[in-house]
Amino acid sequence: MVTNDVKYIGVNDHKIDLFEGHFHVENGMAYNSYVILDEKIAVFDTVDKNFTEEWMNNLQEVLDGRKPSYLIIQHMEPDHSANIMNFMNAYPETNIVATDKAFKMMGQFFGKSFDDNRIVAKDKSTLSLGKHELTFFTAPMVHWPEVMVTYDATDKILFSADGFGKFGALDVDEDWACEARRYYFGIVGKFGAQVQALLKKLNGAGAELKYICPLHGPVLKENLDYYLGLYQTWSTYGVETEGVVICYTSVYGNTKKAVELLAEELKKQGCPKVAVNDLARCDMAEAVEDAFRYGKIVLATTTYNGEIFPYMREFIQELLERGYKNRVVGLMENGSWAPMAAKTMKKMLEPCKNLDYTNTTVSILSAMTDANRAEVSKLAEELCSEAVPTAQAEDKESKPNHKYVCQICGYEYECEGELPADFTCPLCKQGADKFKLVE
């Protein structure tokens, strides 16, 4: 139970090992669904196809013989929408409330768009259940284009779709922030601008919150400023924790020794937190999480086939896909005859905005020398100083005077002057003709 009128009918999945076929979830997943009992009854989302019977039983128990008036679909990923057809077969007179894009996806998933049962939700449209007054807010690309969230003004609940979600089943007791952070940067992290747009939209509407009901993870009902504050930091690519994360690969152990020495030097010089990730062995999503959590990062790798070791390349690509920015970067490389790793890593990171590089780059030829040890100490000193001296700093973003919005997925692009004719949306890959000037 969430409140007297709002009931939880979700399920826990302990059979899953990889969420979305990619993210390790040792503690399973929760697929959340809710019911508001009022003069008219609203059901919020369904669950994964493997839990149809359990979910339908939960629903029937809460309904206690009554029939729902509305099925509100906030997100069309199959772990939330798979049972729409089963629900409608059981309750064929129910109206489905969703965005227009969601109904199009229903046609794609089920071959049926529910023309006779549809209520298209538009931004800030409302629905009265009797005592409970609902307002729908479209949230394109948080993290699919059809997403919306729902605010219940009566109990002051935000039904947040995949926002504020986390990995892990609900019957496992674990810290929220760690798995919510990994979830956010793994799944939602690319869409910081869209998360910011939604948060501003909710604030502008004066939506007072007492509960946040996500589609994954626990209902949040205490210290909401903490959760909202983390989302503010994450979606603006800010620094959550002061410290340094070191991400490395090593073939014969020499680069690893340099990394271990750097970690020791950082701690000696008072670094508040040092996190070390061996990219060949760690959970890559954990390393990505750390990269966004801390304000400073050191990338250390070997030269490999004239470039960099594959795990480092994969890791940097993960950062690029999530819009990595606003960080201090230190580089360490190793090569027995022609070290190229630092140059390659720096080239790969060129699309990232507001990256500052330390003056010191550690370049090892096979094994560390006394000169390398001195470089490591100097690098640690730079990283621990409040004002990091930089060899190269990206030009700060100029203030744009035009904003264009993709009419397909909602992606916002700001630039000076007109949108280039050959511009392609980085999210949905549509051309410039699909963008509309909004300011």
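Residues numbered from 1 in each chain as written. Predicted model: local features only at pLDDT ≥ 70, side-chain atom pairs only at ≥ 80, totals over all residues. Heavy atoms only, no water.

A separate point is the nonpolar core. Core analysis: the biggest nonpolar cluster contains 93 residues, and Phe19, Leu59, Leu299 and Phe315 have the highest contact counts within it. With eight residues, helix H5 (residues 176–188) is the largest single contributor of residues to this core. In this structure, Val244, Tyr248, Ala263 and Ile364 belong to the second largest nonpolar core, which totals 22 residues. (Core = buried A, V, L, I, M, F, W, Y, C linked by side-chain atoms within 4.5 Å. Buried < 20%, exposed > 50% of the residue type's maximum accessible area, 1.4 Å probe, protein only. Helix = DSSP H or I, 4+ residues; strand = E, 2+ residues; numbered from the N terminus.)

Time to look at the pairing of strand S18 (residues 294–304). Of all 11 residues that make up S18, nine are buried, and the element is covered over most of its length. Relative to S18, strand S16 (residues 241–248) runs parallel, the two sharing six bridges. Across the sheet, Val245 pairs through a bridge with Ile297, a residue of S18. Of the strand pairs in this sheet, S18 and strand S19 (residues 307–308) are connected by two bridges, and their pairing is antiparallel. Residue pairing in the sheet places Thr303 in a bridge with Ile308 of S19. If you look at the hairpin formed by S18 and S19, you'll find two residues sitting between the two strands, and Asn305 has a positive phi there, around 55°. (Pairing = 2+ DSSP bridges.)

Two measures define how a pair of helices packs: the angle their axes make with one another and the distance between the axes. One can describe the packing of H5 onto helix H9 (residues 284–293) by two numbers: an axis separation of 9 Å at closest approach and a directional angle of 95°. Considered as vectors, H5 and H9 are oriented roughly perpendicular to each other. Between H5, through Cys178, Glu179, Arg181, Arg182 and Phe185, and H9, the contact on the second element is made entirely by Ala285, Glu286, Val288, Glu289, Phe292 and Arg293. When grouped by side-chain class, the residues that make up the contact of H5 with H9 number five nonpolar, no polar and six charged. (Axes fitted to C-alpha atoms, helices over the stretch in contact; angles between N-to-C directions. Parallel < 35°, antiparallel > 145°, perpendicular 65-115°, else oblique. Contact = heavy atoms within 4.5 Å. Nonpolar A, V, L, I, M, F, W, Y, C, P; charged D, E, K, R; others polar.)

What follows deals with the sheet that holds strand S14 (residues 157–159). Taken together, the five strands give an open sheet; going across it, the order is S11-S12-S13-S14-S15, and neighbouring strands pair in mixed fashion. The sheet terminates laterally at strand S11 (126–128) and strand S15 (211–213), the two strands that pair on one side only. For this sheet, the mean inter-axis angle between neighbouring strands, taken without regard to orientation, is 20°. Relative to S14, strand S13 (residues 148–152) runs antiparallel, the two sharing three bridges. Residue pairing across strands places Asp152 opposite Ile157, the latter belonging to S14. Those strands touched by helix H6 (residues 192–204) are strand S12 (133–138), S13 and S14, and its axis lies near 150° from that of S12.

Right, let's talk about the side chain of Asp152 for a bit. Examined against the element boundaries, Asp152 turns out to sit in strand S13. Within the buried core, Asp152 has no salt-bridge partner, and the shortest N-O distance to an opposite charge, that of Lys131, equals 8.6 Å. At a separation of 3.1 Å, a polar atom in the side chain of Asp152 contacts the main-chain amide nitrogen of Thr154. Sequence-distant contacts of Asp152, that is, excluding residues within four places in its chain, are made with Ile36, His132, Glu133, Leu134, Ile157 and Phe159. (Lys, Arg positive; Asp, Glu negative; His and termini not counted. Salt bridge = Lys/Arg side-chain N within 4 Å of Asp/Glu carboxyl O. Polar contact = N/O pair within 3.5 Å; in protein donor to acceptor, adjacent residues only side chain to side chain.)

Turning next to a nonpolar patch on the surface. Residues Val251, Tyr252 and Tyr304 make up a contiguous nonpolar surface patch of roughly 370 Å² in combined accessible area. Tracing the backbone through its elements, the reader meets Val251 in the loop between S16 and helix H8 (254–268). Given the relative accessible area of 40%, Val251 is considered partly exposed. (Patch = residues over 30% accessible without salt bridge, like charges linked within 9 Å, V, L, I, M, F, W, Y side chains within 5 Å. Areas by Shrake-Rupley, 256 points an atom, 1.4 Å probe, with all protein chains shown as cover.)

Scored by pLDDT, the protein chain comes out at a mean of 92, with 96% of its residues at no less than 70. Counting interchain partners and residues more than four positions distant, the pLDDT-below-50 stretch residues 392–399 has 18 contacts. (pLDDT = per-residue confidence, 0-100.)

The subject of this paragraph is the pairing of S12. As paired elements, S11 and S12 share three bridges and run antiparallel to each other. Bridging from a neighbouring strand, Leu127 pairs with Leu134 of S12. Taking the residues between adjacent antiparallel strands as the criterion, S11 and S12 are bridged by four residues, where Gly130 takes a positive phi near 125°. Of the pairings in the sheet, the one linking S12 to S13 comprises five bridges and is antiparallel in character. Within S13, the position partnered with Thr138 by the bridge is Met148.

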